[in-house]
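The residues making up each chain are set out below.
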Amino acid sequence: MKHLFYLFVTLFLCNFSIAQLYTFKNFSHKDGLPISSILSLAQSQDGTIWLGTDGAGLMSYNGYNFQEHHSN
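This one's a predicted model, so the numbers in the text were calculated from it and none came from an experiment.

1. Observations regarding the nonpolar core
Listed in full, the seven residues of the largest apolar core are Leu33, Ile35, Leu51, Ala56, Met59, Tyr61 and Phe66. If we ignore the near neighbours within four places in the chain, the residues touching Ala56 are Pro34, Ile35 and Glu68.

2. Observations regarding the packing of aromatic side chains
This structure, assessed with the given rule, holds three aromatic pairs. The interplanar angle of 80 degrees and the centroid separation of 5.3 Å between the aromatic rings of Phe27 and Phe66 together place this pair among those described as edge-to-face. Here Phe27 is found in the loop between helix 1 (2-17) and strand 1 (38-43), whereas its partner Phe66 is found in strand 4 (residues 66-69), with 39 residues between them in sequence. Under the relative-accessibility criterion, Phe27 is labelled partly exposed at 31%. When its relative accessible area of 15% is taken as the criterion, Phe66 is described as buried. Among the aromatic residues, those joined into a cluster by ring pairs are Phe27, Tyr61 and Phe66.

Analysis parameters
- Residues numbered from 1 in each chain as written.
- Predicted model: local features only at pLDDT ≥ 70, side-chain atom pairs only at ≥ 80, totals over all residues.
- Heavy atoms only, no water.
- Core = buried A, V, L, I, M, F, W, Y, C linked by side-chain atoms within 4.5 Å.
- Buried < 20%, exposed > 50% of the residue type's maximum accessible area, 1.4 Å probe, protein only.
- Contact = heavy atoms within 4.5 Å.
- Phe/Tyr/Trp six-rings, centres within 6.5 Å; stacked < 30°, edge-to-face > 60°.
- Helix = DSSP H or I, 4+ residues; strand = E, 2+ residues; numbered from the N terminus.

If you want it as structure tokens, here you go:
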């Protein structure tokens, strides 16, 4: 019975120690984002974030810089 109690306490404490923390960053014109109206968002296999905007067309973010992609 004593071992069951210790097992229960250990499992209970482990559930609280594996919590995941999330960090959020807001981007603005200062970061190179020319427009703040994002209509769609996707991530490609290589990790690039693709943004469909309302007015600036398609943009990509590689973790460091925003880049506008114009159609010809």
